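Letter by letter, the chains look like this.
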Amino acid sequence: DVYKRQVSTQSTGDFFSEKMHASRLRAAMRQSCVQLPGAFNGLVGRIAADTGFQGLYISGAAVTASLGQPDIGVASIDQFLTIIRQVSVCSGLPIIADADTGFGEEEMITKTVHEYYHAGASGLHIEDQVFPKRCGHLDGKSLIPVEQFAAKVRRAAAARDACSDGQFVVCARTDARSVEGLEAVVDRAKAYVDAGADMIFPEGLSTVQEFNYVAEQLRGYGKATNKAPCGGPFLLANMTEFGKTPIINHSEFEQMGYHCVIYPVSTLRSAMGGVMDCLNAIKNDGEVTPVLDHMFTRQQLYDSLGYTPGVEWSYPSTSSNKGSK
């Protein structure tokens, strides 16, 4: 099974050195359009794996929000790496992780690819916004020149080849739709593929027709080596809520030719809605009875952790290798 990670419970050394965690994502995307729900901590990653998902996404917006910060690029690479390691060890699933604008210029791109890979990520995406960046579904964004970003992509591709024999997925996100128009999305995407990107992430598209147009224009573009079945780049669709993109079913994205769909902040928004309801019940009713039926029970929590009281629990313990269970 290409989705099961073999994890040693004796040492994390083999866990982080094997190339399987990068190659499995490519294998999965060649078979079907992979759903990648957002995981902002290890427990969410564990639950997603238990639910049967084949991969995960780590969102910059969710990571920064969980730190009590807006998505403007102020979180450090070390803060992202901490979450990647947690989610990777707990879930045992392939991960695509947000790397914002790369945490710096070209020399930092090399470091970021190596660090993300060794932390357990199967791929990352960087974006062509000017720093400080903004959420992709907000107006008022600015883009760096195409060649400047292509140079970043080339540096990421070189680091990919060096650390993973080319298996780590380098995804180039373009925010051109709301700045330069739909044709610029395609033009920039092609330039980034030429620079070595494995995957394209067209951010902020507003209709099914726009997603379909981008997919048609990129299908078969570029070299076929180690890319999507059609020979072009892998394509990532962002199914975030309350933004510029309407709710589109996973099956529609698959029919259009997208290879993965991310749900970046869905789990965090759902969790925080529950937190707000719980806090309001405690404050207004003096007890949690109104929300008790919506809570994770003690047994559900233990089951998700792979924990049986009184029985030794060993680290690392992924969803597919739950220690004593």
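Residues numbered from 1 in each chain as written. Predicted model: local features only at pLDDT ≥ 70, side-chain atom pairs only at ≥ 80, totals over all residues. Heavy atoms only, no water.

Peer 1: Go over the confidence of the model for the protein chain, please, and point to the residues and values.
Peer 2: Here the protein chain averages 88 in pLDDT, and 88% of its residues register 70 or above. Across residues 1-18, where pLDDT falls below 50, the model places 40 contacts with residues more than four positions away in sequence or in other chains. Long-range and interchain partners of residues 321-325, a stretch whose pLDDT sits below 50, account for 17 contacts in this model, where long-range means more than four residues apart. (pLDDT = per-residue confidence, 0-100. Contact = heavy atoms within 4.5 Å.)

Peer 1: Summarise the sheet that holds strand S7 (residues 234-238); cite the residues concerned and give the values.
Peer 2: Read from one edge of the open sheet, eight strands run S1-S8-S7-S6-S5-S4-S3-S2, paired in parallel fashion. Looking at strand neighbours, the two that pair on one side only are strand S1 (34-37) and strand S2 (56-58), the edges of this open sheet. Adjacent strand axes in the sheet meet at a mean angle of 25° when their direction is disregarded. Sheet topology note: the S2/strand S3 (residues 95-98) ladder contains three bridges and is parallel. Among the inter-strand pairings, Tyr57 is bridged to a residue of S3, identified as Ile96. Sitting on the sheet, helix H7 (residues 146-164) is in contact with strand S4 (123-127) and strand S5 (169-174), with an inclination near 165° to S5. (Pairing = 2+ DSSP bridges. Helix = DSSP H or I, 4+ residues; strand = E, 2+ residues; numbered from the N terminus. Axes fitted to C-alpha atoms, helices over the stretch in contact; angles between N-to-C directions.)

Peer 1: Can you break down the packing of helix H3 (residues 42-51) against helix H5 (residues 77-91) residue by residue, with the values?
Peer 2: One can describe the packing of H3 onto H5 by two numbers: an axis separation of 8 Å at closest approach and a directional angle of 30°. By the angle between their axes, H3 is roughly parallel relative to H5. Two packed elements cross with a definite hand, and for H3 against H5 that hand is right-handed. Across from Gly42, Gly45, Arg46 and Ala49 in H3, the residues of H5 making contact are Gln86, Val87, Cys90 and Ser91. Here the residues of the contact of H3 with H5 sort into three nonpolar, four polar and one charged. (Parallel < 35°, antiparallel > 145°, perpendicular 65-115°, else oblique. Left-handed = near helix turned anticlockwise from the far one by under 90°. Nonpolar A, V, L, I, M, F, W, Y, C, P; charged D, E, K, R; others polar.)

Peer 1: Now, about the layout of surface pockets: what can you tell me, with residues and values included?
Peer 2: Quantified by volume, the largest pocket comes out at close to 560 Å³. Lining the largest pocket are 18 residues, and of these Ala271, Val275, His294, Met295 and Phe296 lie nearest its centre. Secondary structure elements with two or more residues in the lining of the largest pocket: H3, helix H11 (266-285) and helix H12 (298-305). At six residues, H11 tops the list of elements feeding residues into the lining of the largest pocket. Residue composition of the lining of the largest pocket, by class: eleven nonpolar, five polar and two charged. (1 Å grid on protein atoms, 1.4 Å probe; cavity = no way out; pocket = protein on both sides within 12 Å on 5 of 7 lines; lining within 4 Å. Points joined across faces, edges and corners; volume = space filled by probe spheres on them.)

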